[in-house]
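Fold and contact review
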Amino acid sequence: MASFSSLLIGLNLVALLITPIAFAADPIQKTSPAPTRKPAKPAKPAAKPKAPVAPVEVVPEPATPEQISASERVYYGEYGCDFQQVIHISASERHPSYVELRFAKNRYLMKPVLSSTGAIRLEDVKGQTLMIQIASKSMLMNVKTGTRLVDACVSPTQRVAIDLAKAAPAPENTLLTAPRP
């Protein structure tokens, strides 16, 4: 039994001596290659800038006699609007009896239409905007959202009409001043 226990002690000593050597000189670490990284993906070539797409021009229908009459009643010129905004309205050079409207950076080709109330409607041929002109003011609306783009626009012709109306004497009310029977 003494020999068996001495054998165990001897094996334990050998194990203690071999363990630090195994960690210090790991044969697997020395023979294995360094960890490899995945090769980097080649950089994508820079996207070519796309050519600006020209807006599709809508070719309007020829003007009807009603449209020609309405285009003669449009207030042309530069409109002063709320918040120092400006609208420019001019006759279209390319499309007879149509109107070109400029507001901010936008340009619209408008079709004049006389409404049953006497107001002039300028309807965008693309269906985006609508301008309504009455004697005292005009407004530009976004048809799709149903909101006003700009309001209280007054052309030079409308300004003259407003000033004349303010300067005119008030009409007498004959019902209140008529003698009683």
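Every chain's residues receive numbers from 1 upward, in the order its sequence appears when written. For a predicted model such as this one, the threshold for reporting local features is a pLDDT of at least 70, and the threshold for listing and counting side-chain atom pairs is 80 or more; totals across whole chains, interfaces and linings nevertheless cover every residue. Based on all heavy atoms of the structure, the side-chain values leave hydrogens and waters out of the count.

So, on to the sheet that holds strand β7 (residues 138-142). Should DSSP find at least two bridges between two strands, the strands are regarded as paired. Secondary structure elements are defined from DSSP: runs of H or I of at least 4 residues count as helices, runs of E of at least 2 residues count as strands, and each element is numbered from the N terminus. Here eight strands make up an open sheet; going across it, the order is β1-β2-β3-β4-β5-β6-β7-β8 and the pairing antiparallel. Unpaired on one side and paired on the other, β1 (77-80) and β8 (147-153) mark the two borders of the sheet. Sheet twist, expressed as the mean angle between neighbouring strand axes with direction ignored, is 25°. The pairing of strand β5 (residues 120-124) with strand β6 (residues 129-133) spans four bridges and is antiparallel. Here the axes come from fitting lines to C-alpha atoms, over the contacting stretch only for helices, and the angles between their N-to-C directions go from 0 to 180 degrees.

This part is about the pattern of salt bridges. Any carboxyl oxygen of Asp or Glu that lies within 4 Å of a side-chain nitrogen of Lys or Arg is treated as forming a salt bridge with it. Summed over the entire model, instances satisfying the criterion amount to three salt bridges. One salt bridge connects Lys-137 with Asp-151, and the closest N-O pair in it is separated by 3.3 Å. Of this pair, Lys-137 sits in the loop between β6 and β7 while Asp-151 sits in strand β8, and the two are 14 residues apart along the sequence. Any residue under 20% of the maximum accessible area for its type is buried, any over 50% is exposed, and the rest in between are partly exposed; the area is computed with a 1.4 Å probe on protein chains only. With a relative accessible area of 14%, Asp-151 lands in the buried category. Connected through shared salt-bridge partners, Lys-137, Arg-148 and Asp-151 make up one network.

Here the focus is the nonpolar core. With 17 residues, the main nonpolar core has Ile-87, Ile-89, Leu-101, Leu-122 and Met-131 as its most contacted residues. Counting residues per element, this core draws most heavily on strand β3 (residues 99-103), which supplies three residues. We call a set of buried residues a nonpolar core when its members are Ala, Val, Leu, Ile, Met, Phe, Trp, Tyr or Cys and they connect through side-chain atoms within 4.5 Å of each other.

For β6, a buried count of four out of five residues is recorded, marking the element as mostly surrounded by other parts of the structure. Hairpin connection, β5 to β6: the antiparallel pair is bridged by four residues, and Gly-127 has positive phi, about 75°. With five bridges connecting them, β6 and β7 associate as antiparallel partners. When the bridges of β7 are listed, Gln-133 appears paired with Ser-138.

Any cysteine sulfur atom paired with another within 2.5 Å is treated as part of a disulfide. Summed over the entire model, instances satisfying the criterion amount to one disulfide. The disulfide that involves Cys-81 links it to Cys-153, with 2.1 Å between the sulfurs. Of note, the bridge from Cys-81 to Cys-153 carries an S-S torsion of about 115° and is right-handed in sense. On the criterion of sequence distance, the pair formed by Cys-81 in the loop between β1 and β2 (86-91) and Cys-153 in strand β8 is long-range, its members being 72 residues apart.

Quick look at the environment of Gln-128 now. Position of Gln-128 relative to the elements: it lies in the loop between β5 and β6. Once the C-alpha coordinates of Gln-128 and Val-143 are considered, the two residues, 15 residues apart in sequence, prove to be 5.4 Å apart. Here a residue-residue contact requires only that any non-hydrogen atoms of the pair lie within 4.5 Å. Residue contacts for Gln-128: discarding those within four places in its chain leaves Tyr-108, Met-141, Asn-142, Val-143 and Lys-144.

Excluding glycine, residues mostly have negative phi values, and the peptide bonds linking residues are mostly trans. Positive phi, close to 60°, is recorded for Phe-83, a residue that is not glycine. The topology assignment puts Phe-83 in the loop between β1 and β2. In this structure Phe-83 comes out as exposed when scored by relative accessible area, which is 72%. We note that Ala-152 has phi near 55°; this positive angle belongs to a residue other than glycine.

So, on to the side chain of Gln-158. Within the element layout of this structure, Gln-158 appears in helix α4 (residues 156-167). Residue class for Gln-158 comes out buried when judged on its relative accessible area of 0%. Apart from residues no more than four positions distant in its own chain, Gln-158 is found in contact with Tyr-75, Tyr-79, Ile-134, Ala-135, Ser-136, Lys-137, Ser-138 and Cys-153.

Let us look at the pairing of β5. Only one face of β5 is covered, namely the one carrying Ile-120, Leu-122 and Asp-124; the face carrying Arg-121 and Glu-123 has none of its residues buried. Two elements, strand β4 (residues 106-114) and β5, share five bridges in a ladder whose sense is antiparallel. Considered in β5, the bridge of Met-110 is made with Asp-124. Once β4 ends, the chain turns through five residues before running back antiparallel as β5, passing Gly-118 with a positive phi of about 100°.

Shape descriptors only; they carry no functional weight alone.
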